[in-house]
Structures are given as structure tokens and as C-alpha cells.
Amino acid sequence: MPTFVIEQREPGDPRHGELRWTIVGTVEAPTAPHAIYEFCIAMQYYSHELRHNTAVVHGVGWFRATLPPDEPTGPPFVIQHQDPIGPDDRHLTWSDVAQLRAPDAASALQAFLDAKGWSADASVFGTVANLAGIGSLRAVRAEDADAMRVTPAPT
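Here's what I pulled together on the structure shown here. Note that this is a predicted model, so its numbers are computed, not measured. In this numbering scheme, every chain counts its residues from 1 along its sequence in written order. Selection of residues for local features in this predicted model requires a pLDDT of at least 70, selection of side-chain atom pairs for listing and counting requires 80 or more, and totals for whole chains, interfaces and linings are taken over all residues. Excluding hydrogens and water, the side-chain values take into account all heavy atoms of the structure.

**Considerations on the nonpolar core**
Ranked by internal contacts, the top residues of the largest apolar core, which has 15 residues, are Phe4, Ile6, Ala35, Phe63 and Ala65. Secondary structure is summarised from DSSP: a helix means a run of H or I of at least four residues, a strand means a run of E of at least two, and numbering begins at the N terminus for each. Of all the elements in the fold, those that place two or more residues in this core are strand E1 (3-9), helix H1 (32-42), strand E4 (54-57) and strand E5 (61-66). The biggest single contributor to this core is H1, with five residues. Every residue pair with non-hydrogen atoms within 4.5 Å of one another is taken to be in contact. Among all residues touching Phe63, those that are not within four sequence positions of it are Ile6, Glu7, Gln8, Trp21, Val24, Ile36, Phe39, Tyr45, Asn53, Thr54, Ala55 and Val57. Counting residues in each nonpolar core, the second largest holds 13 residues, with Ala105, Leu109, Leu113 and Leu137 among its members. Think of a nonpolar core as a cluster: buried Ala, Val, Leu, Ile, Met, Phe, Trp, Tyr and Cys residues, connected wherever their side-chain atoms sit within 4.5 Å. Buried means the residue's accessible area, taken with a 1.4 Å probe over protein chains only, is under 20% of the maximum for its type, while exposed means over 50%, and partly exposed covers the values in between.

Take a look at the structure:
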């Protein structure tokens, strides 16, 4: 079973540079969501909101479970933004906006949202997020990005 690093986000605004994280512990768990949940329960943070591998603890702050920096971080994922659609469009198209490595697609999406400072504003549904005024974003495996650029795929 992998050992995940639990980090707490330091105060800051993403408009003024990259957000910083402080390591506050480690948890052995099968997945990142399990690790963050186990951490919250161990710390008696019973009033928390889980978002895949992240948690917001009201009155305390944001936490995340990641693999240690010296371990492989997982496969590459592409973050895609849904292109504008017209009244006659029958398919959605997606443009690549970022590429990063993560244990899974949902963790990749959470990491992207956090780097942009959008974690609190996004409605996240697994590997897809929607932000008012910005649109829909999704995380897909890098090797599948080209094949998934149009949905549903033309027949």
C-alpha cells in the first residue's frame, strides 16, 4: 500500500504567485481519497468537505494527499477546456490547456484547479469541473487526449 504525504495549504492568493503547501503528515492508504479521509478522521476533523484527494476543514484550511516527491507521481494527464459551441454544433470540442502527472485523472484535475486558485469556486464531478464564467474543464490521460478531442466522436 502506498504512503501518501498530507499537505496543508499555506495562506496566500494565487494571483500573487504559486500557492505553497506544508507537509503535515503521512498516511498509508490504497488511494489518495482514502488517505485524506483517514487523515481527517485521525485529526478529529469531523466537519470536513472531501473533494477527491483534497479536503477543506472549516476553520482550519485546505489539505491534500499526494504521493511523495521522490516517488513516481503517476501517468501524464491533459487538462482540456470545452470550446464554445454554436447553435448548429452537434459535437463538443476540447482544447488542451495543461499537462501534469498525478495518480489518477481526478487528482490531476484537482491539482490544476488548485494551481489556478479555483478549487473553492469549481463544481467538480469526478474528472470534470465547471466554473462560472470560465466553462467546463476535464482531465484525460495524455495518450487519449487526441482521441477524445471531439465528443461524442464523429461516426
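Okay, back to it.
**Some remarks on the packing of aromatic side chains**
Ring pairs shown here join Phe, Tyr and Trp side chains whose ring centres sit within 6.5 Å, with only the six-membered ring taken for Trp; geometry is labelled stacked below 30 degrees between planes, edge-to-face above 60, and tilted in between. Summed over the entire model, instances satisfying the criterion amount to three aromatic pairs. An angle of 50° between the planes, with centres 5.3 Å apart, marks the rings of Phe39 and Phe63 as tilted. You can see Phe39 sitting in helix H1 and its partner Phe63 sitting in strand E5, a full 24 residues away along the chain. For Phe39, a relative accessible area of 8% translates into the label buried. Each ring, one from Tyr45 and one from Phe63, has its centre 5.7 Å from the other, and the planes form 35°; the classification is tilted. Here the residue Tyr45 occupies a position in the loop between H1 and strand E3 (48-51), and Phe63 occupies one in strand E5, the gap between them amounting to 18 residues. For the pair Tyr45 and Phe63, one class covers both residues: buried. The positively charged end of Arg64 is found above the aromatic ring belonging to Trp21, 4.0 Å away from the centroid. In this scheme, the term charge over a ring applies when either NZ of a lysine or CZ of an arginine sits within 6 Å of the ring centre and within 35 degrees of the ring normal.

**Quick look at the sheet that holds strand E8 (residues 123-125)**
Each strand in a sheet pairs with its neighbour through backbone hydrogen bonds, running either in the same direction (parallel) or in the opposite one (antiparallel). When DSSP finds two or more bridges between two strands, those strands count as paired. Reading across the sheet, the six strands line up as E8-E9-E10-E6-E7-E11 and stay open at both edges, with antiparallel pairing between neighbours. The open sheet terminates on both sides in strands that have one partner only, identified here as E8 and strand E11 (150-151). Every angle, taken between N-to-C directions, lies between 0 and 180 degrees, and every axis is a line fitted to C-alpha atoms, over only the stretch in contact when it is a helix. The sheet contacts of helix H2 (residues 105-116) involve strand E6 (76-82), strand E7 (92-101), E8, strand E9 (128-131) and strand E10 (135-141), and relative to E10 the element is tilted by about 135°.

**As for unusual backbone geometry**
Trans peptide bonds make up most of the peptide bonds, and negative phi angles are found at most residues other than glycine. The phi dihedral of Gln44 is positive, around 60°, even though this residue is not glycine. Tracing the backbone shows Gln44 in the loop between H1 and E3. By relative accessible area, Gln44 is classed as exposed at 57%.

**Describing H1**
Residues Ala32, Ala35, Ile36, Phe39 and Cys40 constitute the buried set of H1. Taken down its axis, H1 places every buried residue within 130° of arc, on the same side. If you follow the buried residues of H1, they end up packed against E1, strand E2 (21-28), E3, E4, E5 and H2. Once H1 ends, the next one or two residues include Gln44, with phi positive near 60°. Note: the arc covers the axis-to-C-beta directions of the helix.

**Let's talk about the sheet that holds E5**
The strand order E2-E1-E5-E4-E3 describes an open sheet built from five strands, whose pairing is antiparallel. Because the sheet does not close on itself, it has two edges, and the strands there are E2 and E3. Taking the axes of each pair of neighbouring strands and ignoring which way they run, one obtains an average angle of 25° across the sheet. Relative to E4, E3 runs antiparallel, the two sharing four bridges.

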